[in-house]
Amino acid sequence: MSKKGMLLVGHGSTMPYNQELVEKTAAMIQAKNNDFVVKCGFMNMNKPTIKESMDAFKKEQIDALVVVPLFLAKGVHIEKDIPGEIGLPEGVKKGAYQLNGKSIPLVYADPIGSDPLLADLMVKNANKALTL
């Protein structure tokens with residue numbers, strides 16, 4: 001059975017909750033998706049960095065690596081910083097990653113964006129707040 005690698009990228013923060021949220025989300029994804037090896041990395045302030053996490057995939061048996069930003073919208077980090085960290089030119093979504101002497105597909109996913117699931121979460125949060 002072939003597995004894919006998923007690098008979940010968080011912004012990073014001096015507040016510990018940010019790192020915990022990204023790590024917990026990565027663990028939830030891993031628990032529900034046996035076809036992925038999930039790791040997380042951070043743009044700044046937290047460890048592991050994006051590059052450190054990408055290097056950690058060299059110990060895994062994967063046949064593709066997808067980088068998924070845990071960001072809502074496009075901005076400088078999405079358009080410039082993260083592609084630079086993963087070795088893709090700005091505006092390019094596909095490339096190759098050298099893994100243990102072979103080249104595997106490297107794919108860069110979009111941020112969450114506008115999605116009906118996000119709208120449902122906001123209504124859930126609003127209803128929860130109304131019960132306080």
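One structure accompanies this document, and this report is about it. (Residues numbered from 1 in each chain as written. Predicted model: local features only at pLDDT ≥ 70, side-chain atom pairs only at ≥ 80, totals over all residues. Heavy atoms only, no water.)

Turning to helix α3 (residues 76-86), its buried residues are I78, I82, P83 and I86. All buried residues of α3 project into a common sector of 105° when viewed along the axis, lining one side. Where α3 is buried, its residues contact β1 (3-10), α2 (50-56), β3 (62-69) and β5 (102-108). Phi for G87, located one or two positions after α3, is positive at around 85°. (Buried < 20%, exposed > 50% of the residue type's maximum accessible area, 1.4 Å probe, protein only. Helix = DSSP H or I, 4+ residues; strand = E, 2+ residues; numbered from the N terminus. Arc of directions from axis to C-beta. Contact = heavy atoms within 4.5 Å.)

This part covers the packing of aromatic side chains. A full pass over the atoms with the stated rule returns 0 aromatic pairs. Between K39 and the ring centre of F57, over which it is positioned, the NZ or CZ distance is 5.5 Å. (Phe/Tyr/Trp six-rings, centres within 6.5 Å; stacked < 30°, edge-to-face > 60°. Lys NZ or Arg CZ within 6 Å of the ring centre and 35° of its normal.)

Right, let's get into the side chain of N46. By the secondary structure assignment, N46 is in the loop between β2 (36-42) and α2. Since its relative accessible area comes to 9%, N46 is described here as buried. Polar side-chain contacts of N46 include one of 3.1 Å to the side chain of Q19. If we skip the residues at most four places from it in the chain, N46 touches G12, S13, N18 and Q19. (Polar contact = N/O pair within 3.5 Å; in protein donor to acceptor, adjacent residues only side chain to side chain.)

With 15 residues, helix α4 (residues 116-130) ought to run about 21 Å at 1.5 Å a step, and its terminal C-alpha atoms sit 21 Å apart, in line with that. The N-cap of α4, judged by a side-chain oxygen 2.7 Å from the amide nitrogen of L117 a few residues on, is D115. (Expected span 1.5 Å × (residues − 1).)

Before going further, it helps to examine the nonpolar core. Within the largest apolar cluster, 20 residues are counted, with the highest numbers of intra-cluster contacts made by L65 and I82. At the level of secondary structure, the elements contributing two or more residues to this core comprise β1, α2, β3, α3, β4 (94-99) and β5. Setting aside its immediate chain neighbours within four residues, L65 contacts G5, M6, L7, M54, F57, Y97, I104, P105, L106 and V107. Within the second largest apolar cluster, 9 residues are counted, among which are L8, V22, F36 and F42. (Core = buried A, V, L, I, M, F, W, Y, C linked by side-chain atoms within 4.5 Å.)

Functional significance is not addressed by these values, which are geometric in nature.
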